[in-house]
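The chain contents come next:
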2 protein chains.
Amino acid sequence: MLAERAAAEGVAAGDVLAVAHKVVSKAEGRVVALAAVRPGPAARALAAETGKEPALCELILAESRRVVRRRAGTVICETHHGLVCANAGVDASNAPEGAVVLLPVDPDASARRLQARVAAAVGGRVGLVVTDTHGRAFRRGLVNVAIGVAGFEAVVDHRGGRDREGRVLVATDQALADELAAAAGMQMGKGAGTPAVVVSGVDTPPGPGGAGALVRDPAHDLFRT
Amino acid sequence: MLAERAAAEGVAAGDVLAVAHKVVSKAEGRVVALAAVRPGPAARALAAETGKEPALCELILAESRRVVRRRAGTVICETHHGLVCANAGVDASNAPEGAVVLLPVDPDASARRLQARVAAAVGGRVGLVVTDTHGRAFRRGLVNVAIGVAGFEAVVDHRGGRDREGRVLVATDQALADELAAAAGMQMGKGAGTPAVVVSGVDTPPGPGGAGALVRDPAHDLFRT
């Protein structure tokens, strides 16, 4: 449906479609009623420490490799995808009453499926980004980021290029898919919910994509531990 | 000159102009020849530890409140503005040979000055964002962020709004100025250098602005220390 609508609304070859993960998660059945969850001892301990519901903590722990930081009201986790985010992405907003929405099991696979359908409907090359809103270390406010990417390379490597002075550029990997997601985030709003936004006019490097390119290797991450 | 050109190129009321800090810094004389810098003992120690030039380390330390993380090849600092970024923003790319460019002393003041000029030339309300490219904890690749903001509020507070299910939204401060900067970053390129980008069609909340709203209070930051 998304694919047909994208084509009907004028998505064209070269465009990138950004889709809020929440609609993807819902379509993939990643909605859990909290009443159906039996919290174990670790979840009950995390709940006591943070003031969050034990059932919510059970889901957060199930979605996580590990808890990176915790304190009253806040749990920052590393998800099984390697994302570092609040509550391992488990979120009640825009969920049915008494339920929460989890992140897609494999957001890159979700992005690839959607990308293939949209590209077929449009009849040309398109990019697809599955997005989520994340907090950041050091900076206030949430920004929309890419958690699934298909149809273009998520990170652009400018190394070896030259600056205006003719000097060779170093350390200039650009997180293009995150910039695309952020641009789309400005039009997605929060409560009202515009779950898909088309970004046009951006030169995306060809490639299969994959949001794994946006996840810093824990061994090279100075802040993860 | 930027203001007249912005008006001539069709910047209109309601638009936001994103300007790469490097052109602002250069216009403000924030260019330092490394040969003119005398590194002190702390800079020499940091240079020995990281492999960076002692003169560069002297400037990095002068621009910093403190060093947040250091290791071979990498120094992450908290600048006097409260920004956490590599090398305290001291950067050789697009600088004259043998020189480096520092961040503006007060990027919000720079943004206010430019905003006033552009607004006068355009004859209407405009927003202005001074940008830099930052690395992030947890995520690979640089993104363009806002280090100076004028003419609109940098963070949008959606709390008290409602989601599609009618639930009251919590914890949904949106870092709009960073999303604007990221969107502009897609068109700025790296080496070639498009130092100013116009963003149209974004609903910006009125207010004086200020990028301080984007800096997480160190007391509430789980990763700064």
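All values derive from a computational prediction rather than experimental measurement.

### What to know about the interface of chain A and chain B
It is common to give the size of an interface as the accessible area that goes away when the parts come together. Each partner contributes residues to the interface: chain A has 49 residues there, and chain B has 49 residues. Broken down by element, the residue count for the side of chain A that touches chain B peaks at eight residues, all from helix α6 (residues 176–188) of chain A. Tallied by class, residues from the side of chain A that touches chain B come to 21 nonpolar, eleven polar and 17 charged.

### Focus: the sheet that holds strand β5 (residues 84–86) of chain A
Residue and element names in this part refer to chain A. Taken in spatial order, the three strands make up an open sheet running β3-β4-β5, and their pairing is antiparallel. The open sheet is flanked by β3 (64–71) and β5, the only strands paired with a single partner. On average, adjacent strands in this sheet sit at an angle of 25 degrees to one another, irrespective of strand direction. Where β3 and strand β4 (residues 74–79) come together, six bridges link them in antiparallel fashion. When the sheet's bridge partners are listed, R70 is paired in β4 with V75.

### Some points on the relation of the copies chain A and chain B
Screw-axis analysis of chain A against chain B gives a translation of 0.0 Å along the axis, an RMSD of 0.0 Å, and a rotation angle of 180 degrees. Look at the turn and shift together and you get a two-fold axis relating the two. Ranked by how close their C-alpha atoms come to the rotation axis, the residues of chain A are headed by A183 of chain A, at 2.3 Å. The residues that chain A uses at the interface reappear at the interface of chain B in 100% of cases, marking a shared surface.

### Details of the nonpolar core
Soluble globular proteins tend to bury their nonpolar side chains together. Within the largest apolar cluster, 138 residues are counted, with the highest numbers of intra-cluster contacts made by L180 of chain A together with L180 of chain B. The residues touching L180 of chain A, leaving out its near neighbours within four places in the chain, are V16, A18, V129, A146, V199 and V202 of chain A together with M186 of chain B.

### Some thoughts on the packing of α6 of chain A against helix α6 (residues 176–188) of chain B
Running from N to C, α6 of chain A and α6 of chain B point in directions that differ by 125 degrees, and their axes come no closer than 8 Å. Considering the angle they form, α6 of chain A stands oblique to α6 of chain B. In this structure, the crossing between α6 of chain A and α6 of chain B has a hand that is left-handed. Contacts between α6 of chain A and α6 of chain B involve L176, D178, E179, L180, A182, A183, G185 and M186 of chain A from the former and L176, D178, E179, L180, A182, A183, G185 and M186 of chain B from the latter. When its residues are assigned to classes, the contact of α6 of chain A with α6 of chain B shows ten nonpolar, two polar and four charged.

### Let's talk about the sheet that holds strand β8 (residues 143–150) of chain A
Residues and elements named next belong to chain A. Ordered in space as β8-β7-β1-β11, the four strands form an open sheet in which the pairing is mixed. The open sheet has two edge strands, β8 and β11 (196–199), and neither has a second partner. If you compare each strand with its neighbour and ignore which way they point, the axes differ by 30 degrees on average. Note that strand β1 (residues 16–20) and strand β7 (residues 127–134) share five bridges and pair parallel. In the strand pairing of β7, V16 is matched with G127. Its contacts with the sheet put α6 on β1, β7, β8 and β11, and the angle it makes with β8 is roughly 125 degrees.

### Describing the domain arrangement of chain A
Residues and elements named next belong to chain A. Examined at the domain level, chain A breaks down into domain 1 (1–29 + 104–214) and domain 2 (31–102). Put simply, the middle of domain 1 and the middle of domain 2, counted by C-alpha atoms, are 26 Å apart. Between domain 1 and domain 2, the contact holds ten residues from the first and nine residues from the second. Contributing elements (two or more residues each) for the side of domain 1 that touches domain 2: α2 (21–27) and β7. For the side of domain 1 that touches domain 2, the leading source of residues is α2, giving three residues.

Conventions and cut-offs
Every chain is numbered on its own, with residues counted from 1 as its sequence reads. Each chain gets a letter, beginning with A, and each ligand a number, beginning with 1, in the order they are written. This being a predicted model, a pLDDT of at least 70 is required before a residue's local features are given, and a value of 80 or more before pairs of side-chain atoms are given or counted; all residues contribute to the totals for chains, interfaces and linings. Placing C-beta atoms from the backbone, we regard two residues as in contact once those atoms come within 7 Å. Working definition: helices are DSSP H or I runs of at least four residues, strands are E runs of at least two. Numbering for both runs from the N terminus. Under the convention adopted here, Pro, Cys and the residues Ala, Val, Leu, Ile, Met, Phe, Trp and Tyr are nonpolar, Asp, Glu, Lys and Arg are charged, and Gly plus all remaining residues are polar. When DSSP locates at least two bridges between a pair of strands, those strands are taken to pair. Interaxial angles span 0 to 180 degrees and are taken between N-to-C directions of axes, which are lines fitted to C-alpha atoms, for helices over the stretch in contact. Our superposition of the copies is a least-squares fit, built on the C-alpha atoms of residues whose pLDDT is at least 70 in both. Nonpolar cores are identified as sets of buried Ala, Val, Leu, Ile, Met, Phe, Trp, Tyr and Cys residues joined via C-beta atoms within 7 Å. We call a residue exposed when 12 or fewer other C-beta atoms sit within 10 Å of its C-beta, buried when the count reaches 20 or more, and partly exposed for counts in between; the C-beta positions come from the backbone. Throughout, the term roughly parallel applies to angles under 35 degrees, roughly antiparallel to angles over 145, roughly perpendicular to angles from 65 to 115, and oblique to all others. Left-handed describes a crossing in which the near helix is turned anticlockwise from the far one by less than a right angle; the clockwise case is right-handed. Segment limits for the domains were obtained from an automatic or database-derived domain assignment.

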